[in-house]
Each structure stands twice: as structure tokens, then as C-alpha cells.
Amino acid sequence: MASPIKPDRSEATFEDYKPAMSEHAAVLEANRCLYCEDAPCTIACPTGIDIAQFIRKIATGNIYGSAKTIFSDNILGMSCARVCPVEVLCAGSCVYNELHEEPIAIGKLQRYATDIAYQKGWRYFEAGEDTGKSVALVGAGPASLACAHELRVRGHACTIYDKRDVVGGLNTTGVAPYKMKADRSAEEAEWVLEIGGIDIETGVEVGKDLTWDELEEKHDAVFLGFGLGPDSSMRVDGEDLDGVVGAVDFIEQFKLGTVDLDGVSNALVIGGGNTALDVVRELVRLGVEDVALVYRGTEEKMSGYVHEWAAGKVEGVRAHFQTQPVAFLAGDDGKLRAARCVKYDANKKPVPGTEHEIAADRVYLAIGQGKLGELVGDLDGVELEWGCVVVDENGATGRPGMYAGGDCANGGKEVVNAAAEGKAAAIAIDAYLMGGE
Ligand code: SF4
């Protein structure tokens, strides 16, 4: 099958914003670590990586062992080293913050060790003895990859179904390219799959090409890792104009192929979350002259990470806070020319008499993604909340043998959360299959 990731895609021009560490820098940084007991950095990591341990191994030159420590807790440790918001997780919890000193560069050290493991072709895990059981995983994103790997270690056969022809989910199609490019995510997926015994069935939409009944008949257990749906709509006039684009669609397009921004000099990105922040920074790097965020709340209320927004401002992104589009307007040529907006008060309520226009030749909607829980909402025992699949702490739904994790259950969190939830579900599925419940 031809790879859907083109070598000349738009994202290929992006540089890493956190360049790789040299050996010298890595050893120096590793030696700064205090190797804390009950390390707060590990407590803050959803996958519970033994951070002090892997850093200590870098300090002593044991890179093989360091990467093993990382992968033993998080098989997606290579991509997480690049895409994790370490500023609010491990590094944000490092004791150095309390000493008002620079926290340990945990993400960069993790990248140093895992990159070497990939370069050297080190392999740490083997499939367990065949149990004769088989598990279906719906969706080929991080949660399913982490779940399938752990299930293979425990000897269960796995089949991953995905309606698309690209593996890795949002890690491949949705990560800002200055953090990680699509081919790196695809490489990680291949590396994970090398354990063997994980079949990938792409182009198969469960519920349509294969019914849920058929799926459950073929397999002994099911893991739902189908992520989120398409970009949410604002339901305002003019949203169907050429030039009004969904943010997730846009990111996917330039990560897998090319985008044409010729003639685009004035872009608005609607939203205040991390996707909006990714898009504004990407547009600046893609050469769009004037890029502005439009958010109905205040700057302090933005749900996007503070450090990402701080970086966006430095890069020249402007913002219209407490502002919300109520329509998108076309010029005489039928092309998008502006957003009609109103001002919002501090309680996110429109202020009468504040209608105004903001010129735009491109608008990106980054107001969230739809939830896909309804795909399984009719199955006995499966409950939904706000469109997400309801699970217990082990990822179990109320339907025997059906588990879920990642964005379709948590509503949209980080890759590291998906990795943790996928692995936890695998352990629970193993207990279910081997306990014969
Ligand atoms: Fe090292 Fe900081 Fe973690 Fe302590 S909290 S073990 S200093 S990285």
C-alpha cells in the first residue's frame, strides 16, 4: 500500500522547536538531577515513567537501559518525548521549580534516550506465549497501539481496525509539525508493531463495513480507541464559504500533503484551546503575514497552554479577546472577506451594540471536535456522557468484554493519557480473558 504521507508535504519545511540534545549536553543535564525519592515528576506523568531512574542511566552512559526504563512504562515514549506538555506535567513538577531554578529538561532527555534506541534498532519486548484469545481494537491511534502492544506481551492476538489508511491517529495527522512530523509517528507505529501478531485492517469502518455483532463474534474482547470526530461547527451564516476551514482538517492536510496559502495574508483562528494555538503558530511559520486569534473569553480564561500562547505572541500572533464571530461575509467576488463579530463580557455573554467586522481572507475553526460515542451508544451496557464512552478506572464499559480509552473516553487529552489508558485497559482485558469472566 502506498504511504499516504507524501515526502514533499507542507510540514516538511518545519524545523523542530526543541532541537535534539548532544551527548555532552545530555550527560551534563542528567547530572543536575537530584534523583528524588517519590519523585514528583514521576507522579505527574500519566504513564508513571521512572524518570529519576532513566535520567540516572543517561548520567552513567547506560542509554540502552535508560530507554528500556522509559518504554517499560510507556511504549510511546519516543513521541511523548516530543509532544508531551512537559511544562505542565513532569518538568512542571520538578523540585527545581521550588528552588526557582530551571527544571530538568526531562522531555529532551527522554528524546535523547529514545532516539538513540530507535537509531540503534534496539528491541526490548517479545510477544508472550499464545493464549488463543483475540482482541479487536477499533481505531489505530495511540490508545490502541499502547493497548495492543501490552496485549501482545501477554500473548493475546490483536487486530486493529481503522477506517483510514494511516496508522497513528492524531499523533500522525494532528500534531504540530514543529513538535513531531507525521513520518516520525508512522515510524513509531511500525516500531510498536514489530512485536508481531498485531494485524492492521485499514479502510474498515466498524459499524458499517463490519457490524459490532460481527466484531464481537470474531474476537473475545473489544477495545474502543476511535478518538474524536470532525471539527465542530459554529452554526453561523457564511460558515460554508470557501475559505472557512476546520482546524483539524487543515492540520491533517498539511501534515499528510500540501496546503496552498497563496494569496492568504490575513487569517483568523477561532478558539482559545491548544488546537487554535497550534494553528496560529503554524500559519505564521507557513508565511501568512497577519495571523490573529479570535476568542470569546479573556486571555486568562484560554484553555490552551500558557507557554504555547506566550510563544505564539513572541512569534507575532495577535488576538481579539472577548470577541465572537456571528457571521462570515463574502465580498463581491463571492470570496470570504471578513468575520462579523460581537464583543463578549467577562461572563462570555454578547454585549449589545458591539457588532464590528474583522477583515479575513481565511478563517480556521478551532472550537473543538465532535464526539463519536454514538457509534456504540446503542449497544447494551454502553453508556455515554457528553458523547464520550463511560468507563471505569480500568477502561471497562458496562458491556462485558468491551473496553475503551483515549480521546473517545476522556473527551480529548494528551497522547500520554491515551498511552496510559490503553495500557491500563490491556491489563484489565488480560484479567477478563484469563479469568474467564
Ligand atoms: Fe530529577 Fe526533578 Fe524528577 Fe527530582 S523532580 S527526580 S530533580 S527531574
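Thresholds applied
Residues numbered from 1 in each chain as written. Predicted model: local features only at pLDDT ≥ 70, side-chain atom pairs only at ≥ 80, totals over all residues. Heavy atoms only, no water. Axes fitted to C-alpha atoms, helices over the stretch in contact; angles between N-to-C directions. Helix = DSSP H or I, 4+ residues; strand = E, 2+ residues; numbered from the N terminus. Left-handed = near helix turned anticlockwise from the far one by under 90°. Contact = heavy atoms within 4.5 Å. Nonpolar A, V, L, I, M, F, W, Y, C, P; charged D, E, K, R; others polar. Pairing = 2+ DSSP bridges. Patch = residues over 30% accessible without salt bridge, like charges linked within 9 Å, V, L, I, M, F, W, Y side chains within 5 Å. Areas by Shrake-Rupley, 256 points an atom, 1.4 Å probe, with all protein chains shown as cover. Salt bridge = Lys/Arg side-chain N within 4 Å of Asp/Glu carboxyl O. Lys, Arg positive; Asp, Glu negative; His and termini not counted. Charge placed at Lys NZ, Arg CZ, Asp CG, Glu CD. Near = heavy atom within 4 Å. Core = buried A, V, L, I, M, F, W, Y, C linked by side-chain atoms within 4.5 Å. Buried < 20%, exposed > 50% of the residue type's maximum accessible area, 1.4 Å probe, protein only. Domains from an automatic or database assignment. Expected span 1.5 Å × (residues − 1). Disulfide = S-S within 2.5 Å.

Chemist: Can you lay out the packing of helix α8 (residues 142-153) against helix α16 (residues 415-435) for me, pointing to particular residues and giving the numbers?
Modeler: In the contact formed by α8 and α16, the axes pass within 7 Å of each other and the chain directions differ by 35°. Considering the relative orientation of α8 and α16, their crossing is right-handed. Each of Pro 142, Ala 143, Ala 146, Cys 147, Glu 150 and Leu 151 in α8 lies in contact with α16, whose residues at this interface are Val 415, Ala 418, Ala 419, Gly 422, Lys 423, Ala 426, Ile 427 and Ile 429. The class makeup of the residues in the contact of α8 with α16 is 11 nonpolar, 1 polar and 2 charged.

Chemist: Outline the sheet that holds strand β9 (residues 323-330), listing residues and values.
Modeler: Picture the strands of a sheet paired through backbone hydrogen bonds; they go either parallel or antiparallel. In space, the 3 strands of this open sheet follow the order β9-β10-β11, with antiparallel pairing throughout. Each edge of the open sheet is held by one strand with a lone partner, namely β9 and β11 (356-359). Neighbour-to-neighbour, the strand axes of this sheet turn through a mean angle of 35°, independent of strand direction.

Chemist: Can you explain a positive patch on the surface? Please cite residues and give values.
Modeler: A cluster of basic residues, Arg 296, Lys 301, Lys 348 and Lys 349, forms a positive patch at the surface. In this structure, Arg 296 sits in the loop between β7 (290-295) and α14 (306-314).

Chemist: Can you lay out the site of the ligand for me, pointing to particular residues and giving the numbers?
Modeler: The local shell around the ligand consists of Cys 33, Leu 34, Tyr 35, Cys 36, Ala 39, Pro 40, Cys 41, Ala 52, Cys 94, Val 95, Ile 104 and Ile 106. In terms of residue class, the shell around the ligand is made up of 12 nonpolar, no polar and no charged.

Chemist: Go over the nonpolar core with me, naming the residues and quoting the values.
Modeler: Phe 54, Ile 55 and Ile 58 are the most contacted members of the largest nonpolar core, which totals 46 residues. In terms of residue count, the dominant contributor to this core is helix α7 (residues 106-120) (7 residues). When residues of this core are assigned to domains, at least three fall in each of domain 1 (10-120) and domain 2 (134-163 + 203-229 + 370-433). Excluding its chain neighbours within four sequence positions, the residues that come into contact with Phe 54 are Ile 49, Ser 66, Thr 69, Ile 70, Ile 106, Leu 109 and Gln 110. Counting 27 residues, the second-largest nonpolar core is a separate cluster that includes Ala 247, Phe 254, Met 302 and Trp 309.

Chemist: Describe the environment of Glu 29, with residues and values.
Modeler: Counting through the fold element by element, Glu 29 comes out in helix α1 (residues 23-32). Residues Glu 29 and Val 389, 360 residues apart in the sequence, show an inter-C-alpha distance of 42 Å. The residues contacting Glu 29, other than those within four sequence positions of it, are Met 21, Pro 103, Ile 104, Ala 105 and Leu 109.

Chemist: Describe the pairing of strand β12 (residues 362-365), and please don't skip the residues or the numbers.
Modeler: Burial of β12 is two-sided: the residues Arg 362 and Tyr 364 facing one way and the residues Val 363 and Leu 365 facing the other way are all buried. Pairing geometry for strand β5 (residues 244-246) and β12, over 3 bridges, is parallel. Looking across to β12, one finds that Val 245 is bridged to Tyr 364. Judged from the 4 bridges that link them, strand β6 (residues 266-270) and β12 form a sheet pairing that is parallel. Bridge pairing in β12 places Ile 270 opposite Leu 365.

Chemist: Give a detailed account of the side chain of Ser 79, specifying residues and quantitative values.
Modeler: If you trace the backbone, Ser 79 turns up in helix α5 (residues 77-83). Residue classification places Ser 79 among the buried residues on the basis of a relative accessible area of 0%. If we skip the residues at most four places from it in the chain, Ser 79 touches Asn 171, Met 180, Glu 188 and Val 415.

Chemist: Report on α8, specifying residues and quantitative values.
Modeler: Between its terminal C-alpha atoms α8 stretches 17 Å, which fits the 16 Å expected from 12 residues at 1.5 Å a residue. For α8, the full list of buried residues reads Pro 142, Ala 143, Ser 144, Leu 145, Ala 146, Cys 147, Ala 148, His 149, Glu 150, Leu 151 and Arg 152. The positive-phi residue at the C-terminal boundary of α8 is Gly 155, with phi of around 90°.

Chemist: I'd like to hear about the pairing of β9, residue by residue, with values.
Modeler: Regular strands place their side chains on alternate faces of the sheet. Among the 8 residues in β9, 6 count as buried, and that is most of the element. Pairing between β9 and strand β10 (residues 336-343): 7 bridges, direction antiparallel. From the neighbouring strand, Phe 328 faces β10, where its bridge partner is Ala 339.

Chemist: Please provide a residue-by-residue account of the state of the cysteines, values included.
Modeler: Counted under the stated rule, the structure contains 0 disulfides. Here Cys 45 stays free of any disulfide, with the sulfur of Cys 84 as its closest cysteine sulfur at 6.5 Å. In this structure Cys 147 is a free cysteine whose sulfur lies 7.0 Å from that of Cys 158, the closest cysteine sulfur available. Residue Cys 147 is classed as buried on the basis of its relative accessible area, which comes to 0%.

Chemist: An account of the pattern of salt bridges is requested, with residue identities and associated values reported.
Modeler: The full count for this structure, using the stated rule, is 23 salt bridges. Among the ionic pairs, Asp 430 bridges to Arg 154, the shortest N-O distance being 3.2 Å. Here Arg 154 lies in the loop between α8 and β2 (157-162) and Asp 430 lies in helix α16, a separation of 276 residues in the sequence. Residue classification places Arg 154 among the partly exposed residues on the basis of a relative accessible area of 28%. Two residues, Arg 281 and Glu 308, come together in a salt bridge whose shortest N-O distance is 2.7 Å.

Chemist: Can you explain the sheet that holds β2? Please cite residues and give values.
Modeler: On the basis of which strands lie adjacent, the open sheet formed by 5 strands has the order β3-β2-β1-β4-β15 and parallel pairing. Lying at the two open borders of the sheet, with one neighbouring strand each, are β3 (198-202) and β15 (402-404). When strand polarity is set aside, the average angle formed by the axes of neighbouring strands in this sheet is 20°. Here 5 bridges tie β2 to β3, and the two strands are oriented parallel to one another. Each residue of the ladder has a partner; that of Ile 160, found in β3, is Ile 200. Most of the contacts of α8 go to β2, to which it runs at about 165°, and overall it touches β1 (134-138), β2, β3 and β4 (221-224).

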